[in-house]
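Structural overview
Listed below, chain by chain, are the residues.
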Amino acid sequence: MTALPLVAAKWVDFHCHLDLYPDHAQLISECERERIATLAVTTTPLAWARNKEMAEGSTHVRVALGLHPQLVAERENEIALFERLLPESRYVGEVGLDASPRFYKSLEAQERVFERVLRACAEQGDKVLTLHSVRAVSKLLQYLEKTRLPDRGRVVMHWFTGSVSEARRAIDMGCYFSVNSEMLRSPRLRSLIVGLPLDRILTETDGPFVQVDGVAVRPRSVAGTLTALAPLRGIEPEAMRVQVLRNLAIMLKQ
Ligand SMILES: [Zn+2]
């Protein structure tokens, strides 16, 4: 699959679960109309075919093949299907590690799956991954180092919540960071975002998990995220919008 058509795109939502909204098809139309370069992440490889079919012919929506770490406890065996489908997809996610209390007991299985994902991606090359790293940033970075995936593909840290030094490690490996509106509500993450290189920042929604007043955000909500993000970096929202588009273009070309 080729790169997203960036000339035509206006906005970037690099992590959204389009298939978890009741109006999946309408959302795709919305991304087309509003020219939002959207990465439709999935949580199980069983969702790949349907998502692909839905996004077929779309200019701005791309589908990522995923196996969510929070589902690994029940779905570890789906890694075989993931590996079979991987040659069909340049984009990969949602994958990663989650060591929060609810999912900690499956961490070993998650690591087995994640390592296989990274090894397969490194072997095939040129994959673009969006990574979940809740309470497991350091471990996740170790796997990136061990598999040398960042040398063979692109890595986006989705909803990064690690420390400043962990962010530094990720930056040194060439990782990008996709920022959502919820992150900008946290003083700690706001100050972390201030320290990220401007040319490594993307925007995302993580909808429908991120909600405002009980309503799931939609890809078009990235406009509000840019408005909140720009002043942190001392630039105008319009300049931030252009910067994010440029970042995506460069990342996909590398
Ligand atoms: Zn997600």
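Above this text sits the structure in question.
Overview of the structure. Residue positions are given per chain, counted from 1 along the sequence in the order it is written. The model is predicted, so local features are restricted to residues of pLDDT at least 70 and side-chain atom pairs to those at 80 or more, both for listing and for counting; the totals for chains, interfaces and linings are taken over all residues. Side-chain numbers here rest on the full set of heavy atoms in the structure, without hydrogens or water.

Another aspect to go through is unusual backbone geometry. The omega angle of the peptide bond from G93 to E94 is 15 degrees, so this bond is cis rather than trans. Along the chain, E94 turns up in strand β4 (residues 91–98). Here G207 and P208 are connected by a cis peptide whose omega angle stands at 0 degrees. For P208, the position within the fold is in the loop between β8 (201–203) and β9 (211–212). In this structure, R135 takes a positive phi of about 55 degrees despite not being glycine. Working definition: helices are DSSP H or I runs of at least four residues, strands are E runs of at least two. Numbering for both runs from the N terminus. The residue R135 is located in the loop between β5 (127–134) and α6 (137–147) in this model. The backbone phi angle of W159 is positive, close to 45 degrees, even though this residue is not glycine. Under the scheme applied here, a residue whose accessible area is under 20% of the maximum for its type counts as buried, over 50% as exposed, and between as partly exposed, the area being computed with a 1.4 Å probe on protein chains only. W159 gets classed as partly exposed once you look at its relative accessible area, which sits at 25%.

This part takes up the layout of surface pockets. The space that makes up the largest pocket amounts to roughly 230 Å³. Think of a 1 Å grid over the protein atoms and nothing else: a 1.4 Å probe that fits but is trapped marks a cavity, an open set flanked by protein within 12 Å on at least five of seven lines marks a pocket, and residues with an atom within 4 Å of a point count as lining. Forming the boundary of the largest pocket are 14 residues, of which H68, Q70, E94, H132 and D206 lie nearest the centre. Per-element tally for the lining of the largest pocket: the top contributor is β5, with three residues. Polar here means any residue outside two lists: the nonpolar Ala, Val, Leu, Ile, Met, Phe, Trp, Tyr, Cys and Pro, and the charged Asp, Glu, Lys and Arg; Gly therefore counts as polar. Looking at side-chain class alone, the lining of the largest pocket contains four nonpolar, eight polar and two charged residues. Grid points are joined across faces, edges and corners, and a volume is the space filled by probe spheres set on the points.

Attention shifts here to the pairing of strand β2 (residues 36–40). In terms of burial, β2 is largely enclosed, as five of its five residues are buried. Side chains of β2 alternate between two faces, with I36, T38 and A40 and A37 and L39 buried alike. Two strands are counted as paired when DSSP detects at least two bridges linking them. Judged from the four bridges that link them, strand β1 (residues 11–16) and β2 form a sheet pairing that is parallel. Along β2, the bridge assignment pairs D13 with T38. Of the crossover connections in this fold, the one passing from β1 over helix α1 (residues 24–34) to the parallel β2 is right-handed. When the strands point away from the viewer and the connection leading from the first strand across the helix to the second strand turns clockwise, the crossover is called right-handed.

What follows is about the sheet that holds strand β7 (residues 176–179). Taking strand neighbours across the sheet as the criterion, the five strands line up as β4-β5-β6-β7-β8 in an open arrangement whose pairing is parallel. Strands with a single pairing partner mark the edges of an open sheet, and in this sheet they are β4 and β8. Each neighbouring strand pair of the sheet contributes to a mean axis angle of 30 degrees, computed without reference to strand direction. Both strand β6 (residues 153–158) and β7 contribute to a ladder of three bridges, which runs parallel. Looking at the pairing, V156 lines up with Y176 of β7. Together, β7 and β8 form the strand contacts of helix α10 (residues 222–229), whose direction differs from that of β8 by roughly 140 degrees. Contact between two residues is taken to exist if any of their heavy atoms lie within 4.5 Å; hydrogens are not considered. Fitted lines through C-alpha atoms give the axes, limited to the stretch in contact for helices. The angle between two N-to-C directions lies from 0 to 180 degrees. Across the sheet, helix α11 (residues 237–253) is in contact with β4, β5, β6, β7 and β8; its angle to β8 comes to roughly 105 degrees.

With that settled, the discussion passes to the packing of helix α5 (residues 107–124) against α6. Where α5 contacts α6, the two axes come as close as 10 Å, and the packing angle between them is 35 degrees. In this structure, the crossing between α5 and α6 has a hand that is right-handed. Note on element contacts: α6 touches α5 through K139, L140, Y143, L144, K146 and T147, opposite L107, E111, F114, E115, L118, R119 and A122. When its residues are assigned to classes, the contact of α5 with α6 shows seven nonpolar, one polar and five charged. Crossing chirality is assigned from the near helix's rotation relative to the far helix, an anticlockwise turn below a right angle marking it left-handed and a clockwise turn marking it right-handed.

Interpretation in functional terms is not warranted from these geometric data alone.
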